Amino acid sequence: MLSDSAKEKLAELKGKYPTKEASILPALHVVFEDCGYLSVDQMDEAADIIGVSRLDINETATFYTLFPKEKVGKYLIQVCDNLSCSLMGADSLVEYLQEKLDIKVGETTPDGLFTLWTVECLGSCGTAPMMQVNDRYYERLTRAKVDELIEKWRNTK
Amino acid sequence: MAEKILFKYIDYPDQHKIDVYMKNGGYTALSKALKEFKPEELVEMVKKTNLRGRGGAGFPAGVKWSFLPKGINKPTYLIINADESEPGTFKDRQLMEYDPHQMIEGTIITSYAINCHTAFVYIRGEFTYCAEQTEKAINEAREKGFIGKNILGSGFDLDIHIFRGGGAYICGEETSLMESIEGWRAMSRQKPPFPAVEGLWGCPTIINNVETISNIPHIVNNGADWFASIGTEKSTGTKIYCLSGHINRPGNYELEMGVTLRELIYEYGGGIIDDKPLKAVIPGGSSVPILKADEIDINMDFESLAEKGSMLGSAGVIVMHDGACMVAALQKLTKFYEHESCGKCSPCREGTNWMDKILKRMLNGEGKPEDVDLLFDVAKNIMGNTVCPLGDAAAMPVMSFIEKFRDEFENLCNGGKPKGTIKFPFR
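Residues numbered from 1 in each chain as written. Chains lettered and ligands numbered in written order. Predicted model: local features only at pLDDT ≥ 70, side-chain atom pairs only at ≥ 80, totals over all residues. Heavy atoms only, no water.

> Which residues make up the interface of chain A and chain B, and what are the values?
Taken together, the 43 residues of chain A in the interface contact 60 residues of chain B. Summing both sides of the interface, chain A and chain B together bury roughly 4,000 Å²; the carbon and sulfur share of this comes to 57%. When the area that chain A buries against chain B is broken down by residue, the three leading residues are Phe63(A), Leu83(A) and Leu87(A), summing to 17%. Counting every contact that joins chain A to chain B gives 6 salt bridges. (Contact = heavy atoms within 4.5 Å. Buried area = accessible area lost by both parts, 1.4 Å probe. Salt bridge = Lys/Arg side-chain N within 4 Å of Asp/Glu carboxyl O.)

Next comes the structure, spelled out in structure tokens:
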């Protein structure tokens, strides 16, 4: 179920654009922000509010990789492993995170706190290696910085 | 070197706030444009500067604007393309995070010039902070009366919406971007009709990159001749070069068009990490043909790079020293295009997948000697055979890497070990 504030935000999208369907991508952002991922049930709910077909919202949602389609950890760690970051050690960063969190890329820790993904270029090549955690960027990463961040997140469960 | 234009105040404290932006001369161009110029005079002015698109294609902005049809009964839309996703490129993000009003002022002036009353800033989905900064700035500008009804008493109305993407590289391509705003899977459209004639919701639409639009206030303030006098004859103005990879001082450098690649790497970038020998440079974002170490005495402008068989593209300069295996580096790029292909055209959808597979088997030591030609052949058959430029963008690195570093590919396919010391496992 979507929260009341998410439902309000979705209702505000009605009539904002010349066609109803133009509200689909903004609506997906609202659902993602509310739930942390997109499930079919939540998308159906959103489709009904903005007045588009459930099929259309699903079809569009599955095109975009920004939105996880299944529940992920509280902290979704996405490490860029495109060329510039790889040249600067993205891979040893990924290895270190796998070791530290005791999970493989694509997995979530048993306590549901962390999910580790590798992703394509995040437009932060000059500050490589880097990762995005939820909606924030963490750049020029070192093992010490990663230790500090993980520690902080573990303590703010 | 000419004075910085776009980055003049990039490090100035609180430049993102409207009061500071205005203290530093901001929004004077808007007032000047609305009071002293007719819309068509602004289009002529920008045409005269020969300001070329900074998103990658380099098409002259003023010429693009002049393609808008006259006297039709449909709204005109302006879209600012802030879907920055070309690997190696990270300039628009800095412009929007630290000096968003510069882009917004450019957007308002451009909207006035092309008679647009609804503009969109399409920001890539991952750039949350960037979208927040831009939204705050738009709200500030609205409060000051620079956006809304009857702007500065001119009778001109404009609203600007932020539209956030969903993490798809293809949305940087203008027709896919419009599909995305319309709410569909972002698959490119056949051109013609060009967006200027039939774009967003079938209406005339102009799409310009953030850096391109950020130049507009300065052109209005200083004139077309001033702008045209900077840079080279055909590549006018400054360019923000993004330096990344094995470089001592990575980052964005705003320099006059035509600076040499050698100066960029050794003077501004502080040379190669650990003083290692340079091996190769991608000069314009991941899509453009690679250059070897002995090809860096070249001017970084549209014409000079094209003459050498490469492109200025988005000016994302990726530097590699001799520790990089070219086959592994290429696989990182090919995997990207395989992931980002929208799937509409078979050569791109299937071809990127096959190129990635072939590269992976080479790196796994399972490559056959004929694989090098096969890989080249797949790329060649994507080139020019797709609706949008993503196909070419995937093919060009493959073809150029093989042309310039064929020995490394052959070595791997004949039982050799990968060159270089950097670990590049792939997924």
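> Lay out the layout of surface pockets in plain terms, naming residues and giving numbers.
What the largest pocket holds in volume is close to 1,300 Å³. Around the largest pocket, the lining is made up of 48 residues, and of these Gly56(B), Ala57(B), Gly172(B), Glu173(B) and Pro389(B) lie nearest the centre. Looking at the lining of the largest pocket, the element that brings in the most residues is strand S4 (residues 205-209) of chain B, giving 5 residues. A per-class count over the lining of the largest pocket returns 18 nonpolar, 19 polar and 11 charged. One number sums up the size of the second largest pocket: a volume of about 1,100 Å³. What lines the second largest pocket is a set of 37 residues, among which Pro26(A), His29(A), Val30(A), Glu33(A) and Arg164(B) lie closest to the centre. No other element matches the 7 residues that helix H7 (residues 128-143) of chain B contributes to the lining of the second largest pocket. (1 Å grid on protein atoms, 1.4 Å probe; cavity = no way out; pocket = protein on both sides within 12 Å on 5 of 7 lines; lining within 4 Å. Points joined across faces, edges and corners; volume = space filled by probe spheres on them. Helix = DSSP H or I, 4+ residues; strand = E, 2+ residues; numbered from the N terminus. Nonpolar A, V, L, I, M, F, W, Y, C, P; charged D, E, K, R; others polar.)

> Provide a residue-level description of the domain arrangement of chain B, including the pertinent values.
All names here are of chain B. Splitting chain B by domain gives domain 1 (18-228), domain 2 (238-321) and domain 3 (326-413). One C-alpha centre belongs to domain 1, the other to domain 3; they are set 35 Å apart. Opposite the 13 residues of domain 1 that make contact, domain 3 presents 11 residues. A combined buried area of about 960 Å² lies between domain 1 and domain 3, and 69% of that area is made up of carbon and sulfur atoms. Counting the contacts that link domain 1 with domain 3 gives 0 salt bridges. At the junction of domain 1 with domain 3, the criterion picks out 2 residue pairs in polar contact (both at pLDDT 80 or more). (Domains from an automatic or database assignment. Polar contact = N/O pair within 3.5 Å; in protein donor to acceptor, adjacent residues only side chain to side chain.)

> Break down the sheet that holds strand S7 (residues 278-282) of chain B for me, with residues and values.
Residues and elements named next belong to chain B. As summarised here, the arrangement of the 5 strands in space is S6-S5-S9-S7-S8, forming an open sheet in which the pairing is mixed. Two strands in the sheet have a free side with no partner beyond their single neighbour: strand S6 (251-256) and strand S8 (291-292). Judged from the 6 bridges that link them, strand S5 (residues 238-245) and S6 form a sheet pairing that is antiparallel. Across the sheet, residue Ile 240 finds its bridge partner in S6, namely Glu 254. The sheet contacts of helix H17 (residues 390-413) involve S7, S8 and strand S9 (316-321), and relative to S7 the element is tilted by about 155 degrees. (Pairing = 2+ DSSP bridges. Axes fitted to C-alpha atoms, helices over the stretch in contact; angles between N-to-C directions.)

> Account for the environment of Tyr37(A), with residues named and values stated.
Residue and element names in this part refer to chain A. Relative to the helices and strands, Tyr 37 resides in the loop between helix H2 (24-35) and helix H3 (40-50). A residue is classified by how much of its surface remains accessible, and Tyr 37, at 18% relative accessible area, is buried. Remark: the alpha-carbon pair of Tyr 37 and Pro 68, spanning 31 residues in sequence, is separated by 4.9 Å. Setting aside its immediate chain neighbours within four residues, Tyr 37 contacts Val 31, Phe 32, Gln 42, Pro 68, Lys 69, Glu 70 and Lys 71. (Buried < 20%, exposed > 50% of the residue type's maximum accessible area, 1.4 Å probe, protein only.)

> Quick one: what's the story with empty space enclosed by the protein, residue by residue and with numbers?
Tallied over the entire structure, the rule returns 2 cavities of 30 Å³ or more. Lining the largest cavity, in full, are Ile170(B), Ser188(B), Ser341(B), Cys342(B), Gly343(B), Lys344(B), Cys345(B), Cys348(B), Thr386(B), Cys388(B), Leu390(B) and Gly391(B). Considered class by class, the residues forming the lining of the largest cavity number 6 nonpolar, 5 polar and 1 charged. By volume, the second largest cavity is sized at about 40 Å³. In terms of lining residues, the second largest cavity is bounded by Cys80(A), Asn82(A), Leu83(A), Ser84(A), Cys85(A), Cys121(A), Cys125(A), Pro87(B), Gly88(B) and Ile318(B). At 3 residues, helix H5 (residues 83-87) of chain A tops the list of elements feeding residues into the lining of the second largest cavity.

> Account for the sheet that holds strand S3 (residues 159-164) of chain B, naming residues and giving values.
Residue and element names in this part refer to chain B. If you walk across this open sheet you meet the 4 strands as S3-S2-S1-S4, and the pairing is parallel. With one partner strand each, in any of the chains shown, S3 and S4 form the two edges of the open sheet. Strand-to-strand twist of the sheet, defined as the mean angle between neighbouring strand axes without regard to direction, takes the value 20 degrees. Relative to S3, strand S2 (residues 118-123) runs parallel, the two sharing 6 bridges. Looking at the pairing, Thr 118 lines up with Asp 159 of S3. Against the sheet, H7 contacts S2 and S3, and its axis sits at roughly 170 degrees relative to S3.

> Before we move on, can you summarise the packing of helix H2 (residues 28-36) of chain B against helix H6 (residues 100-114) of chain B with the specific residues and values?
Residue and element names in this part refer to chain B. It is at 9 Å that the axes of H2 and H6 come closest, and there the two elements cross at 10 degrees. It follows that H2 is roughly parallel to H6 by the angle criterion. The residues of H6 that touch H2, namely those facing Thr 28, Ala 29, Leu 30, Ala 33 and Leu 34, are Glu 105, Ile 108, Ile 109 and Tyr 112. Looking at the contact of H2 with H6 residue by residue, the class counts come to 7 nonpolar, 1 polar and 1 charged. (Parallel < 35°, antiparallel > 145°, perpendicular 65-115°, else oblique.)

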